[in-house]
Structures are given as structure tokens and as C-alpha cells.
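# Examining the three-dimensional arrangement
The lines below spell out each chain.
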Amino acid sequence: MEERSHYVKLTKEQKPHEDINPGELNQPIEVPQLAVPKCMECGQALPESYAPPADEPWMTGICGCFEDRDSCLTGLFCPCVLFGRNVESLYEDATWNAPCICHAIFIEGGIALATATAILNGIIDPGTSFLIVEGLFFTWWMCGIYTGQVRQTLQKNYHLENSPADPCCVHCFMHWCALCQEHREMKGRLSESLSSETTLVNAPPIQEMKSTGEKESAGSSSSSSANNSEHTSLEMQAL
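Everything in this summary refers to the structure shown in the same document. Keep in mind it's a predicted model, so treat the numbers as computed, not measured.

### A short note on the pattern of salt bridges
- Enumeration over the complete set of coordinates arrives at three salt bridges.
- With its nearest N and O atoms 3.5 Å apart, the salt bridge here joins Asp68 to Lys187. With a gap of 119 residues between them, Asp68 in the segment before helix H1 (69-77) and Lys187 in helix H6 (residues 175-197) connect regions that are remote in the sequence.
- Residue classification places Lys187 among the partly exposed positions, given a relative accessible area of 46%.
- Between Arg189 and Glu185 there is a salt bridge; the shortest N-O distance is 2.9 Å. With Arg189 and Glu185 both in helix H6 and four residues apart, the pair spans about one turn of that helix.
- We classify Arg189 as buried; its relative accessible area is 19%.
- Under the relative-accessibility criterion, Glu185 is labelled buried at 0%.

### A few points about the packing of aromatic side chains
- All told, the structure shown has three aromatic pairs when counted by the stated rule.
- Taking the centre distance of 6.0 Å and the plane angle of 85° together, the rings of Trp141 and Phe173 count as edge-to-face. Within this pair, whereas Trp141 is found in helix H4 (residues 126-158), its partner Phe173 is found in helix H5 (residues 167-173), the two being separated by 32 residues in sequence.

### Concerning a nonpolar patch on the surface
- Taken together, the side chains of Val133, Phe137, Phe138, Trp141, Met142, Ile145 and Phe173 present a nonpolar region at the surface, about 740 Å² in accessible area.
- No other element matches H4, which puts six residues into the nonpolar patch.
- By relative accessible area, which is 54% here, Phe137 ends up exposed.

### Overview of the nonpolar core
- Phe83, Leu90, Val150 and Leu154 are the most contacted members of the largest nonpolar core, which has 13 residues in total.
- Mapped by element, the contributors of at least two residues to this core are helix H2 (79-90), H4 and H6.
- Apart from residues no more than four positions distant in its own chain, Leu90 is found in contact with Val150, Thr153, Leu154, Asn157 and Met186.

Conventions we followed
- Residues numbered from 1 in each chain as written.
- Predicted model: local features only at pLDDT ≥ 70, side-chain atom pairs only at ≥ 80, totals over all residues.
- Heavy atoms only, no water.
- Salt bridge = Lys/Arg side-chain N within 4 Å of Asp/Glu carboxyl O.
- Helix = DSSP H or I, 4+ residues; strand = E, 2+ residues; numbered from the N terminus.
- Buried < 20%, exposed > 50% of the residue type's maximum accessible area, 1.4 Å probe, protein only.
- Phe/Tyr/Trp six-rings, centres within 6.5 Å; stacked < 30°, edge-to-face > 60°.
- Patch = residues over 30% accessible without salt bridge, like charges linked within 9 Å, V, L, I, M, F, W, Y side chains within 5 Å.
- Areas by Shrake-Rupley, 256 points an atom, 1.4 Å probe, with all protein chains shown as cover.
- Core = buried A, V, L, I, M, F, W, Y, C linked by side-chain atoms within 4.5 Å.
- Contact = heavy atoms within 4.5 Å.

So yeah, pure geometry; function would need other evidence.
See the structure below:
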């Protein structure tokens, strides 16, 4: 009697779609219930709505632009470049090109359009001029909100306080000073972190403890070596 196999041969259409690689089943499992923020001092679990207090002062004031000459000149003549550098330093996966171009189009381009509208005031229709100015004000507030979010992210990372006001209001009324202050803050924070990482600690010298017998044997060996240095030949006797 022919024995029937307990195994079923799968066809090409019935074969499994996903292959399991070696070691794939030994991956760690993430448990959301265990990933709970805890207090650094007492170790108790913190609620989900907990936010660390934003009470750290800024390293420099909002009007301290002259404390860093390079960032002051860059923010005065090329604020788009300074804004791109700030975004690149703040976000790991961001480059300075896209923020710089957006800042140049909306901020510098809006200022150039406002200047041209003021110069051509008599040539352009008053209604058209009013619409242009209204659109520029709206664009300025939108840019203030966007750049204010970047400043707010910086404050969350370093737990900085709102100084001198809300981030969006600061960028709407003191945009150039805010850019320079943020650049100085990140520059100072990054320099402090690099200095702390490259701190060198010299190891203490190796100390050896010797007993009195070892010291006497060492002294006798040194004296005997000094006496034997005068003789050039050694004699060996059988026991």
C-alpha cells in the first residue's frame, strides 16, 4: 500500500510571498507602555502632557547684534543666507538652500516690490497700489509665523524662555535682530557641546607597592651589579 506524504508541495502561485531572513525574528519589540518619560531626579513617570519648563535665559540679548560681527554683517546684507544656516544647524536632515531661497523670494522680494510701489506711486493706480501693499503685509505676517516656528523649535530644544515676546511677534517686528540672536545662540550652544565632548582626562600614573624585602633585594642587586661591573668574566661551579 502506497504511503501518502504528510507534506503538500506548493506551486508557484501558492508559495509564500515574503521570505524570512536569518535573524529577522530576533528583533526587539517596542512596547509603547514602557516608553514613558520619567523624572531625572525621582524616577517617577510623567504625564503625556508634561513639558519641561522654558525658563533658560538666552546667552545674548535681542539687541546684541554687535557681539558677533560676522553674523551681524550677514544678517544685515544677506539675511536669507543667515536664515538658511540657522535652519541647517537646527534640523539634521535640512539643507540651507531651500530656506534661503524661500526667504529671498518672500522677504527680500517683498521689500523690493514695496520699494518699487513707493517709487512708482504716481504712475501705478492707487487701487492697485493698495492691493499690493495689503498683499505685502499679509505675506510679511505669514513669513513671521514661519520664521517664528523655527525660533520656537530652537526654544524647545534648549528650554529657552520667550524673550522679549512670543517668537512670531519677535520675527514680525524685529526680524533681523531675531535672526542674529538665534545664530549666536546655536553657535554658542554647539561650541559648548563640542568642548564638552573633546575634554581630555589624563590617567593617573601607575603606582606599585613593594615590600621591605623587595626593596632590600633591589638595593643589594643594584650594589652587586655595581661590583660585578668591574669584572669581565663569570665563573660557574657545579653543585
